[in-house]
Each structure stands twice: as C-alpha cells, then as structure tokens.
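This is what each chain is made of:
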Amino acid sequence: MRKRNKHALRLDRDGIQKVMRTRDYFADSLGMFALNAISGLVGQLTYFYTDKVGVAAGAVGTMFLICKIVDAFTDIIMGNIVDNTKPGKEKYRPWLIKAGIPAGILLALMFTVPSAGQGVQIAYAMVTNILLTAVLYTAICIPYNSLIIVRTNSQEERGFMGTWRAAAGYLSGMVIAIGTIPITNMLGGTQNAYIKFGVIFGALIILCMLICYKFSRETADAAGMESAAVQDEDENMTMKEALGYLVKNKYWIIILVVNFMAQVSYGLSNSSGTYYAKWIYGNDNLVAILGAAGLIPTILGFALIAPMVKNLGTVKTLKMSFAMGMIACAIRLVNPYDFMLNTIMGCIVTFANIPMMCLSGVLMAMTVDYNEYKFGKKMVGRSGSAISFGCKVGSGIGAAMVSWCLAAANYSSEVETARVAAGEAVSLATRQAIFAFSIYVPLILFVVMFVMTCRFDLEKKIGEIRGELNRRNAAKQKA
C-alpha cells in the first residue's frame, strides 16, 4: 500500500492550497480556549463579588458598565496598532506572548480582592477588570481573530479553524460553568477557594498561549493576493480614517451588532445559571447537572455545523439557529419553574448558540474582502475589532445585566437565605429578576440577531467580489 506523501500539494474544493494540519488546528484553537476561559471567569465575578466578597449588587453592575465603556475604545485602538505594524514584521502572532502571559497572571489577581471598605474593593475590582479585559484581552483577541485570515487563504480551512476555535472555546466555557461552583465549594467555598481556582486557570491560560504561539504562522498575506500598494495604504491610514470606512460597510455593522448580542447572551448564560439553580431550583450544585446536560447539544452542534453550512450556507444556518433559540426561550415562559422543561429548552438554546461561535470568523473574512472591493483597503485588524468588541463588551454587559436586575429587586443573599431557612419562598422580586436575565432578555436577543442576519446578503455576492479582486490584483501586477 502506497504511503501518503505528507509533502504533496493539497488543494481545497476551490482549488486553493491548504496549509493547515491537525496539530495546527489544535494549537490555534487553544487561543480561543484561553480567551473564553478569561471571559467565562469574568462572567463568574458577579456571583463572586456579591456572595463571596460582599459587595453590593448595584455597585458591581455599575463597575462592570464603566469597565466596558473603556473596553469600547481599546478595540479600535488595538486594531489600529496591529494594522500599522511596519512591513517585514509579524503583525499578529507576537501579541499572543506579549499579552497572553500577563493575562494569565492578572487573572489570578482578580480574585485577591482585599478585605477593606467597599470603596477600596470596588476600586480594586475596577482596576483589575480594566487591565485584564480592556487592555490584555484586547491585545490578544484582535490579533488572534486576524490570524484566521493571514494563516490561510483557503475559505475551507478558515471554516475548520472557526469550528476548532468554537469547540475549544465552548469546552473552556463549559468547564467553568460546570466546575466553578462544585470545585470552589470543595475547596471551602470561600474567597481563598476562588483564588486557588484562579491560579490554576491563570497557569493554564499561559500554557495555551505558548502552544498557540509556537504553531501559529502568518503564512498567507493579509489579502490572499494583496499588492504592496494596498498594504501601504492600510498602514498609512489613521484610526479616524479607518473607522470612517468601516461604518460605511453595512456588513461590518451587522457583524458588530450580531456578535455583540451573541456575547451578551453568552455572558448572561455564564452568570445566571448559579442564581437560577440556587434560588429557583433550590440547589446551586445543580449547575453541574445543567452544564453536563449542555454537553449533549454541544457535541451535536459541532458535529452538525459542517453539513449544515454545506447544505444551507453560512447565513441560512445562522438564521435557523437563531429561530430555534427564539422558540426555546418562548417555551420556557410556559413554566419557568419546571426543571425538566427548562433543561430541555436550555439544551436547544445551547445548540442555537453554537453556529455563531463557529462562523463569526468566516463572516468577518467576507467583510474584509468587501472592504478591499469597496474601498481598496482591507483593514484586517480594525475589522477584527468587531469580534473583539462583541466578545468583551457583550459578555461584560451580560454580566452587568445580572447585577442590575438583582439590584432592581433589592437582592440580598443573606436575606434570601434567611427566608428559605425560615420555610418561606424566595421573594417574588428576586424570582422575576432571575427570570428577566435568564429568559426574557435572551428571547429579545435572539429576535434581534435573527432580524439582523436576514440583512446580511454578502454571502450571495462574495464569489463575484473575489473574482473582481483577483482581476484587479492581476492587473496591478502586470502594471
């Protein structure tokens, strides 16, 4: 039997050379594992601050809002920095180390809130949140999102990269969702338990970023067949000029909004499960069971995403998934107290969230091609800020919404615990607050995402656009 020549030229279905192998997909996906671990643990901070440190819920929500306002500016700034990297140097890969190692260290420090007055505690929480999410997370996320374009010119391989990334990111999110409460309870359930948990994940994040850095490459130029003139134009643009172009790209705006909404949904999911299990079902350890049940639709989702995209296309796959999410959330309204009903519908919502996780990078690649087609400028890093903005700000807003809803209900863990101990039901205000951030808001988000995705018609035009870009680049090379 003839041995397969591993050096043989491999082409995708469009005739474009493949450059990725299994180890490359795995190493690249570890970057998303690390990023989602950071955002997942940040999502757990609301519960940590209110129930373990004792900070008022309203103050926590306001603190998160301020942090995310700062976040809104750092994305565009970072996109401008990487796009203005001088020719001959790697633009994206070095940031995996520059920001990845400090991020792992700072993650552990997030839980070392001092035993002082609430003013000092809020100040410490705000500074560490801004440094981790607005600075270090941004410095990783935008270059990492851009790697999907400069790593390979193959749309097929970009799709596989997106799927691997989504699977790894979801795995880290599920580990945090399932394991945080049981593990920290096993370690004592105190602030020290969370500090130990943070140290473990901080070290894991550093290891993931080191492996991702080692196997990442900028083997495809940012345009596929990009001319030096286009690169120079990108590098010489100011941030204001680039933003002016991006806001004229309706597809970039759509991705910005949809990704933001998706991340708000993820943020709510990460932050709300513990409250729902504790006060609606009466046992916060049920979070582990809910998370384990969520593994079933997760596995199905990642197994079915490729055939779904092949048969339906990217946009139709997203529209169908958002419709499923809407229906599942609406059914939960029938009886929000029923464990079995809500677990099943929650699994459908989990399945509905997976396609956007996998396909956001594919959508971004289309908008980058559209940038060059319409403006003659690709702006890879700046375009990637749409995904980074959505990831950071959306998940943060989701976590903040939990705090705001609880604050509106005058939530107090001590008061509710005393009510339950006395044989009374959890207050109606607290229950309605939990239903709001667990069911009502996610339903609205799915509706908005469905409507916005219906306006994304670029997929139908992308073949013609790429053909025109190839003709332009060929003409420039001849000239």
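Shown above is the structure to which this text applies.
Our subject in this report is the structure included herewith. Source: prediction; values computed, not measured.

## Structural notes on the environment of Asp 24
Within the element layout of this structure, Asp 24 appears in helix α1 (residues 22–43). Each C-alpha atom, one on Asp 24 and one on Arg 217, is 9.3 Å from the other, the two residues being 193 residues apart in sequence. Among all residues touching Asp 24, those that are not within four sequence positions of it are Val 19, Arg 151 and Phe 215.

## Quick word on the packing of helix α13 (residues 314–332) against helix α14 (residues 339–375)
At their nearest, the axes of α13 and α14 sit 8 Å apart, and the two run at 155° to each other. Between α13 and α14, the crossing angle belongs to the class labelled roughly antiparallel. Here α13 runs over α14; the crossing is left-handed.

## Let's talk about α1
Within an α-helix, residues lying three or four positions from one another point in the same direction, as the helix has 3.6 residues per turn. The terminal C-alpha atoms of α1 lie 31 Å apart, and with 22 residues this matches the ideal 32 Å at 1.5 Å per residue to within 8%. A large share of α1 lies buried, amounting to 18 of its 22 residues.

## Considering α14
With 37 residues, α14 ought to run about 54 Å at 1.5 Å a step, and its terminal C-alpha atoms sit 53 Å apart, in line with that. The sharpest bend along α14 reaches about 45° and sits at Leu 359. In terms of burial, α14 is a largely internal element, 29 of the 37 residues being buried. The N-capping residue of α14, defined by a side-chain oxygen 3.2 Å from the backbone nitrogen of Met 340, is Asp 338. Gly 376 sits one or two residues past α14 and shows a positive phi near 75°.

## Some details on the packing of aromatic side chains
Enumeration according to the criterion identifies 21 aromatic pairs in this entry. Between Trp 279 and Tyr 411, the aromatic rings sit 6.3 Å apart at their centres with planes inclined by 70°, giving edge-to-face as the arrangement. With Trp 279 in helix α11 (residues 250–280) and Tyr 411 in the loop between α15 (380–408) and α16 (413–421), the pair connects residues that are 132 residues apart, well separated along the chain. Each member of the pair, Trp 279 as well as Tyr 411, is classed as buried. By way of ring pairs, the aromatic residues Tyr 47, Tyr 275, Trp 279, Tyr 411 and Phe 437 are connected into one cluster. One Lys or Arg, Arg 165, reaches over the ring of Tyr 144 and ends 3.8 Å from the middle of that ring.

## Some words on the pattern of salt bridges
All told, the structure shown has eight salt bridges when counted by the stated rule. Shared partners join several salt bridges into a network, and the residues in it are Glu 416, Arg 419 and Glu 424.

## Observations regarding the packing of helix α7 (residues 155–186) against helix α12 (residues 286–312)
Look at α7 against α12: their axes get within 9 Å of each other, and the N-to-C directions meet at 175°. The angle between α7 and α12 falls in the class roughly antiparallel. Residues Thr 163, Ala 166, Ala 167, Tyr 170, Met 174, Ala 177, Ile 178 and Pro 182 of α7 pack against Val 287, Ala 288, Gly 291, Ala 292, Gly 294, Leu 295, Thr 298, Phe 302 and Ile 305 of α12. Among the residues forming the contact of α7 with α12, the class breakdown is 13 nonpolar, four polar and no charged.

Analysis parameters
- Residues numbered from 1 in each chain as written.
- Predicted model: local features only at pLDDT ≥ 70, side-chain atom pairs only at ≥ 80, totals over all residues.
- Heavy atoms only, no water.
- Helix = DSSP H or I, 4+ residues; strand = E, 2+ residues; numbered from the N terminus.
- Contact = heavy atoms within 4.5 Å.
- Axes fitted to C-alpha atoms, helices over the stretch in contact; angles between N-to-C directions.
- Parallel < 35°, antiparallel > 145°, perpendicular 65-115°, else oblique.
- Left-handed = near helix turned anticlockwise from the far one by under 90°.
- Expected span 1.5 Å × (residues − 1).
- Buried < 20%, exposed > 50% of the residue type's maximum accessible area, 1.4 Å probe, protein only.
- Bend = angle between axes of the 7 residues up to and from the residue.
- Polar contact = N/O pair within 3.5 Å; in protein donor to acceptor, adjacent residues only side chain to side chain.
- Phe/Tyr/Trp six-rings, centres within 6.5 Å; stacked < 30°, edge-to-face > 60°.
- Lys NZ or Arg CZ within 6 Å of the ring centre and 35° of its normal.
- Salt bridge = Lys/Arg side-chain N within 4 Å of Asp/Glu carboxyl O.
- Nonpolar A, V, L, I, M, F, W, Y, C, P; charged D, E, K, R; others polar.

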